[in-house]
Amino acid sequence: MRRPALVVVALVVLSVVTPAVALQSAAAPTAAAPAAPTDTDAPATQSSAPPDPERDVLGWENGYWYNESVAVNSGDGLNQTELDAVVARSMARVEEVRQLEFESTVPVDILSRAEFREQNREGYSNVSIENSLHQNVKYEVLFMVNETTDAVAVQEANQGASVGGYYSPAEKRIVVVSDNTTSPQLSEVTLAQELFHALQDQQYDLTSFNQSTREKHNAIDGIVEGDGNYVDYLYQQRCELNEGAEGYWGECLQDTPTNGTGGGQLANIGLYLLVYQPYSDGPPFVKQLHERGGWEAVNAVYENPPASTEQTIHPKKYGEDAPTPIRIEDRSNESWEPLDLPDSLDYAEFGEAGVFSMFMYPALETQGQTQIIPAASFFNRNGAGEINPLDPYNYTSQYSAGWDGDKLLPYVTNGSADTNETGYVWKLAWDSPDDAEEFYTGYRQLLDYRGAERVGEDTYVLPDSGGYGDAVHVMVEGNTTTIVNAPTVDSLSGVDDRIEVQEVPNGTNVTNGTNGTAGTSDAGEDTSDEDASTGDGPGFGVVAAVVALLVAALFARTRTRRD
C-alpha cells in the first residue's frame, strides 16, 4: 500500500481513534424534573401567553413558552436579540416534545463558512504518521479510499463540506455555520436538534459513552442521533400543523435553500454512507421504543445503549444478541508487526453497518453500473413509493446479515513511515458457517469489481491500476472469516504465517474461473440478488437519485454534535 505521506488529523478521526474509555452507564438525573405546566400556568393560545411561571417548568425557557409568538423578522436574518428569543422558544419546544428539562441555557455562536473551514483545517493539522497510516488502512479495507489518496484528507473534505452546525460536548456550546454571521438565517428544526443534543448532554453526559471505534461510535449514535432525529421529526410535524389543529404552536423559522446545503460537495460518499447508518436506523429504533413504553423506555436505553449497529439495524436483537469479542493472534514474522498507536486503539471495528456499506459503495461509485447490493433495495419506501422520511435507507443485505463481531489489525514494517506500505488482518465472526460463506461470496464479487486476479486457492492480486494494488488471502473457518492483506503474495506469510499459496493458472478470474462478473460464484452459478452488477435493471435508473437523496439527507441530518 503506497500513499503520499500526509500529516493531518480529522475532527471525525478524533471521534473514533481517541484512547479507549471504559463504557459507563449514563445515569438518569437524580433530581426530579420540574412539573409540566398546569391548566393555570400553560398558555391558552399562541398569541395570549400567560406571565412567566414562578419556577422553571417543562415547555418554558428564559421568558418564552413553547407556543408563544416571538417578535422576529426572519426575512433579513436575526440580530442578537431575535436569536436569543428564537433559542429560548426552541428550547421550550424541545422540552415540550421530549418531556425533559434543560438544566441551563446553551450558548449559540455563529460562524462563517470560511471561519469554520479554517477551524476545521487547523483541527486536521497534527496527526501522527502512525495515525495517518491507521486511517489509510481502515478505509482501504472497505475499498472506499485507495492507495493513492489520503483517508484523513478525505474526511477533512467531507467534514468541511457537510457541516451546517454542531453541538460540542467539550465546549458546551452550539455553533451554527452561516453565510451571514451578522444577521444569520437558520432552520428552527436544525437549531432544535443541536439544542436537544445539549439537553442529552446535560441529562446523560454524552462524553461518558465509549465511542472509541467506528462501530462503537455508530452503535451509541443509534440512541444519541436516533433520539435527536426522532425529536426532530416530531418537532417538524408540529411546525407543519395548520392553525387551529390540535397541537398547533405557530410557524417555525426556515432557512433559505442556499443555507441548507452545507457549503460544498462531499469528497467521498462511501465514508458518509458508513457514518449515516445511525441517522437512518436510529430514529425508527427510538420511535418503536417510544410507542411501546413512552419516553421512559427511551430514557432507559441511555443506561443500556445499543452494543452494535446490528442492534439498531435489527431492533429485535437489541439487548439479546451481544457481539462476539474478536481476538487476533499475532502470527507475523520479524519483518512485520501490528501498528502501534501510543495514544489510541491499535485496531478498528466496522460492524454490520460497515460491512454493508462496503458492499453498497460500488453501486454509488459507479452510478449503478455495478450493484453487488441492488440499489433499489437500499430505499425504504412506503406504499405510495415515497422514501420514508424517518427511515430512508435499508442497511441490510444477504452478505452482511449474520455479522457477530469484527476486528481489523493493521500491520507495518520498519520502513512503513517512509514507504507507506502496510498490511492487515481483518477477522469477522458470524452467526453461522453459512453466514461466513455468504460474506465470502459477496467479497469475491467485490474483488472481481476491483479487477482482482486469483493466483492461488483463496489468494488474489489486486492491480495497481485500480489503486488497490495488493495481495489478499481469505480464510473461512467455521463461523469466522479472516482476510489477510500484504503488498505482495510473497509477503502474505510475513503477516500471517499460516498462509501457503497454492498457485492456480494465470489469468483465473476471481468469481468463476473465466471472465465472470460480480454476482457469480466460483462454479458459475448466480448467487447474487436480482439485478446485481447490471447497468440496466431495476435500480440503475435511480442510483443517481440515490446519491442526491443521500447527500441531501446527510446535510439535513448530520448537522449535529461534534465529537
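For the structure itself, consult the block above.
Residues numbered from 1 in each chain as written. Predicted model: local features only at pLDDT ≥ 70, side-chain atom pairs only at ≥ 80, totals over all residues. Heavy atoms only, no water.

Chemist: Give a description of the overall build of the protein chain that names residues and reports values.
Modeler: Along the backbone of the protein chain there are 15 helices and 13 strands. Scored against the burial criterion, the 563 residues of the protein chain give a buried share of 58%. Restricting to contacts in the protein chain with at least 6 residues of sequence separation, those with at least 24 account for 75%. Within the structure as shown, the protein chain displays about 22,000 Å² of accessible surface, and the carbon and sulfur contribution to it stands at 47%. (Helix = DSSP H or I, 4+ residues; strand = E, 2+ residues; numbered from the N terminus. Buried < 20%, exposed > 50% of the residue type's maximum accessible area, 1.4 Å probe, protein only. Contact = heavy atoms within 4.5 Å. Areas by Shrake-Rupley, 256 points an atom, 1.4 Å probe, with all protein chains shown as cover.)

Chemist: Got a sec to walk through the layout of surface pockets? Specific residues and values, please.
Modeler: Space inside the second largest pocket adds up to approximately 420 Å³. Looking at the lining of the second largest pocket, the elements with two or more residues in it are α7 (214–239) and β7 (403–412). In the lining of the second largest pocket, the residues fall into twelve nonpolar, six polar and six charged. (1 Å grid on protein atoms, 1.4 Å probe; cavity = no way out; pocket = protein on both sides within 12 Å on 5 of 7 lines; lining within 4 Å. Points joined across faces, edges and corners; volume = space filled by probe spheres on them. Nonpolar A, V, L, I, M, F, W, Y, C, P; charged D, E, K, R; others polar.)

Chemist: Explain the state of the cysteines to me, and be specific about the residues and the numbers.
Modeler: The full count for this structure, using the stated rule, is one disulfide. C239 shares a disulfide with C252; S-S distance 1.9 Å. Its torsion about the S-S bond being -85°, the disulfide of C239 and C252 is classed as left-handed. Residue C239 is found in helix α7, and its partner C252 is found in the loop between α7 and α8 (269–301); the two are separated by 13 residues along the sequence. The same class applies to C239 as to C252, namely buried. (Disulfide = S-S within 2.5 Å.)

Chemist: Tell me about the sheet that holds strand β3 (residues 108–112), and name the residues and values.
Modeler: Judged by pairing direction, the sheet is mixed, and its three strands sit side by side in the order β3-β5-β4 without closing on themselves. Every interior strand has two partners, whereas the edge strands, β3 and β4 (165–168), have only one. Adjacent strand axes in the sheet meet at a mean angle of 25° when their direction is disregarded. Relative to strand β5 (residues 173–178), β4 runs antiparallel, the two sharing four bridges. Of the residues in β5, the one forming a bridge with Y166 is V175. (Pairing = 2+ DSSP bridges. Axes fitted to C-alpha atoms, helices over the stretch in contact; angles between N-to-C directions.)

Chemist: Explain unusual backbone geometry to me, and be specific about the residues and the numbers.
Modeler: Positive phi is not limited to glycine here, since N62 has a value of about 50°. Locating N62 in the fold gives a position in the loop between β1 (60–61) and β2 (64–65). In this model, K172 sits at a positive phi of 55°, which is unusual for a non-glycine residue. Checked against the element boundaries, K172 lands in the loop between β4 and β5.

Chemist: Residues and numbers for the nonpolar core, please.
Modeler: Formed by 56 residues in total, the largest nonpolar core has its most connected members in F359, W426, F439 and Y443. No other element matches the nine residues that helix α10 (residues 351–365) contributes to this core. Excluding residues that lie within four positions of it along the chain, F359 makes contacts with I372, I373, Y399, F439, G442, Y443 and L446. Counting residues in hydrophobic clusters, the runner-up holds 48 residues, among them L186, C239, W295 and Y302. (Core = buried A, V, L, I, M, F, W, Y, C linked by side-chain atoms within 4.5 Å.)

Chemist: Please provide a residue-by-residue account of the pairing of strand β8 (residues 422–430), values included.
Modeler: Here β8 lies mainly inside the structure; eight of its nine residues are buried. As judged from the nine bridges shared by β7 and β8, these two strands associate in the antiparallel manner. From the neighbouring strand, K407 faces β8, where its bridge partner is K427. Two strands pair when backbone bridges link them, and β8 and strand β12 (residues 480–486) are joined in this way by six bridges, in the antiparallel orientation. The residue bridging K427 from the neighbouring strand is T482, located in β12.

Chemist: So what about the environment of V94? Which residues, and what values?
Modeler: Structurally, V94 is set in helix α2 (residues 80–98). Judged by its relative accessible area of 0%, V94 is buried. Remark: the alpha-carbon pair of V94 and A192, spanning 98 residues in sequence, is separated by 6.5 Å. Discounting residues that sit within four places of it in the chain, V94 has contacts with Q99, F102, A192, L195, F196, L199 and Y235.

Chemist: With reference to specific residues and values, describe the packing of α7 against α8.
Modeler: Viewed as axis vectors pointing N to C, α7 and α8 meet at an angle of 65°, and their least axial separation amounts to 5 Å. The two elements α7 and α8 cross, and the hand of that crossing is right-handed. (Left-handed = near helix turned anticlockwise from the far one by under 90°.)

Chemist: Would you mind going over the side chain of S308 in detail, with residue names and values included?
Modeler: Relative to the assigned elements, S308 resides in the loop between α8 and α9 (310–313). The residues contacting S308, other than those within four sequence positions of it, are E215, A219, P323 and W403.

Chemist: Go over a negative patch on the surface with me, naming the residues and quoting the values.
Modeler: A cluster of acidic residues, E130, D330, E337 and D340, forms a negative patch on the protein surface. Following the sequence through the fold, E337 ends up in strand β6 (residues 337–338). (Patch = residues over 30% accessible without salt bridge, like charges linked within 9 Å, V, L, I, M, F, W, Y side chains within 5 Å. Salt bridge = Lys/Arg side-chain N within 4 Å of Asp/Glu carboxyl O. Lys, Arg positive; Asp, Glu negative; His and termini not counted. Charge placed at Lys NZ, Arg CZ, Asp CG, Glu CD.)

Chemist: How would you sum up helix α3 (residues 113–123)? Please name residues and give values.
Modeler: Those residues of α3 that sit buried are R113, F116, N120 and G123. The arc enclosing the buried residues of α3, seen along the axis, measures out at 80°, which places them on a common side. (Arc of directions from axis to C-beta.)

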